[in-house]
Amino acid sequence: MSTEAIIRNYILENYLFTDDQSALNSTDSFLDKDILDSTGILEVIYFLEDEFGIKVEDTEMVPENLDSVNNIVSFIAKKRP
Amino acid sequence: MQALAERYEAEIVNFDRDKEVERICETMREIMRTKLRRRGVVVAVSGGIDSSVSAALAVKAFGAKKAFFIQLPEVDSAQETQSRGSQLIEHLGVDHTTHNIAATLEAIGCYQARDEAIVKTFPEYGDGWKNKIVIKGGLDGQVNHFMLVVQDPQGQQHEKRLDLREYLQIVAATNYKQRIRKTIEYYHADRLNYAVVGTPNRLEYDQGFFVKNGDGSADLKPIAHLYKTQVYALAKHLGLPASICNATPTTDTYSLPQGQDEFYFALPYQEMDKALWARNVGASAGELAAMLGITEEQAKFVLQDIDNKRKTTHYLHAKPYLIESMPELGL
């Protein structure tokens, strides 16, 4: 499964309680669209560290890295060798 | 820019204390007469500024004979806060009881669950160590996250970022404290046919700094509309003991001293009051930056943090959601 698909499915299943792919655009801002709150973002970080074997540093915990499926995909690509 | 600071001084700092006390007391009596229909009030007195002012207002509104105060310490409660609570009770001359909740917390597994989560982060943690949680991120535009600070028996402090599971478990475990306290408050309220007074100030109430079904639960909240700065002003105005008027706000929940701004808010309360007020009057980040002497970018993050906390904690304020409304109950 692609990184994008893994993240999309995680968000759809855990935050939107659906498997309807049309419920989420990969560019949707999680915060602006009220998909995630700050605890939700921390959960996503925990998921990313677990799933992709990366360590998210404090300075990387910013919306540009984590606030949409596309932002996360780019962030993971940068973090993984 | 100057106008905003002047307006804050005029509206928030230099408010009419006498008028406000009178308004709160009259409204409390009105609520008791028309909505709660109880004979008096129970107030849990922690020794902090908010419960002290709420207790004093309750006595002013209903009289000392219609109030019952409770002190609810446990092993992590600081001695100073307990003794300030006792001073207040003596000062106001109200019937009271002390119920140490440590044995209940021990029996329910509060300390054990908390320490399990701490040991996962610091395996060497054990007897003689102390702990607290510190928030990071809000002032830097980062997602709020939490650091665990522990102090070894030699007094050396160590800090690590908490993984989410451990953070949630520590908070869930310590929330037992507020929930057990509320259970005891309602025991006395039920026994006496009294109402329970909740004691959040505006900053705590607005930003969701309370435990649902814990300190968030009450029948009336007399100072929830007052900024913390105003609560301090009323403490002085009501002639409360100097030790209470001058106390620094702490959570009194963790074994290391923990300021509320360390645990929850992006800034100390004096600045948070201004930021929250600025948010409420629709001031810009530039205006807030000038008022607080911080950068415009930091002010933007602080305002954003206020909105984020409102969003994240909205469910704490909410009644249980129903599938359909029940107009016959007004729900």
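Below you will find a few notes about this structure. The shown structure was predicted, so the numbers you read here are calculated from the model rather than taken from an experiment. One numbering rule holds for all chains: residues counted from 1, following each sequence as written. Labels follow written order: the first chain is A, the first ligand is 1, and so on. Note on the predicted model: pLDDT of at least 70 is required for a residue's local features to be given, and 80 or more for side-chain atom pairs to be given and counted; whole-chain, interface and lining totals, by contrast, use all residues.

Things to note about the sheet that holds strand β2 (residues 67–71) of chain B
All names here are of chain B.
Moving on, step 1. Pairing within the open sheet is parallel, and its four strands lie in the order β3-β2-β1-β7. Of all the strands in the sheet, the pair left with one neighbour each is β3 (95–98) and β7 (195–196).
Moving on, step 2. When DSSP locates at least two bridges between a pair of strands, those strands are taken to pair. Helix numbering and strand numbering both begin at the N terminus, where a helix is a DSSP run of H or I of at least 4 residues and a strand a DSSP run of E of at least 2. Two elements, strand β1 (residues 41–44) and β7, share two bridges in a ladder whose sense is parallel. By the bridge assignment, V41 is partnered in β7 with A195.
Moving on, step 3. The strands that helix α3 (residues 49–62) touches are β1 and β2; relative to β1, the one it contacts most, it runs at about 160 degrees. Note that contacts rest on C-beta atoms placed from the backbone: two residues are in contact if these are within 7 Å. To define axes, lines are fitted to C-alpha atoms, for helices over the stretch in contact only, and angles between the resulting N-to-C directions are given on a 0 to 180 degree scale.

Points about the pairing of strand β6 (residues 157–161) of chain B
All names here are of chain B.
Moving on, step 1. Of all the five residues making up β6, zero are buried; the element is thus mostly uncovered.
Moving on, step 2. When strand β5 (residues 145–151) meets β6, the two strands line up antiparallel, connected through five bridges. Across the sheet, residue V150 finds its bridge partner in β6, namely H158.
Moving on, step 3. Taking the residues that link successive antiparallel strands as the turn, the β5-β6 hairpin has five residues, and the phi of G155 there is positive, at about 95 degrees. Burial is judged by counting the other C-beta atoms within 10 Å of a residue's own C-beta: 20 or more makes it buried, 12 or fewer makes it exposed, and any count in between marks it as partly exposed, with every C-beta position built from the backbone.

Structural notes on α3(B)
All names here are of chain B.
Moving on, step 1. Multiplying one less than the number of residues by 1.5 Å gives the expected span of a helix. Compared with an ideal rise of 1.5 Å per residue, which puts 14 residues at 20 Å, α3 spans 20 Å between its outermost C-alpha atoms and is within 8% of the ideal.
Moving on, step 2. The buried fraction of α3 amounts to 13 of the 14 residues, a majority that puts the element mostly inside the structure.
Moving on, step 3. In the segment just after α3, G63 is the residue with positive phi, at about 95 degrees.

Notes on helix α12 (residues 269–280) of chain B
All names here are of chain B.
Moving on, step 1. In this model, α12 (12 residues) spans 16 Å end to end at C-alpha, consistent with the 16 Å of a helix rising 1.5 Å per residue.
Moving on, step 2. Turning to α12, its buried residues number three or more, namely Y269, M272, D273, K274, A275, L276, W277 and A278.
Moving on, step 3. Two residues or fewer after α12 comes G282, characterised by a positive phi angle close to 75 degrees.

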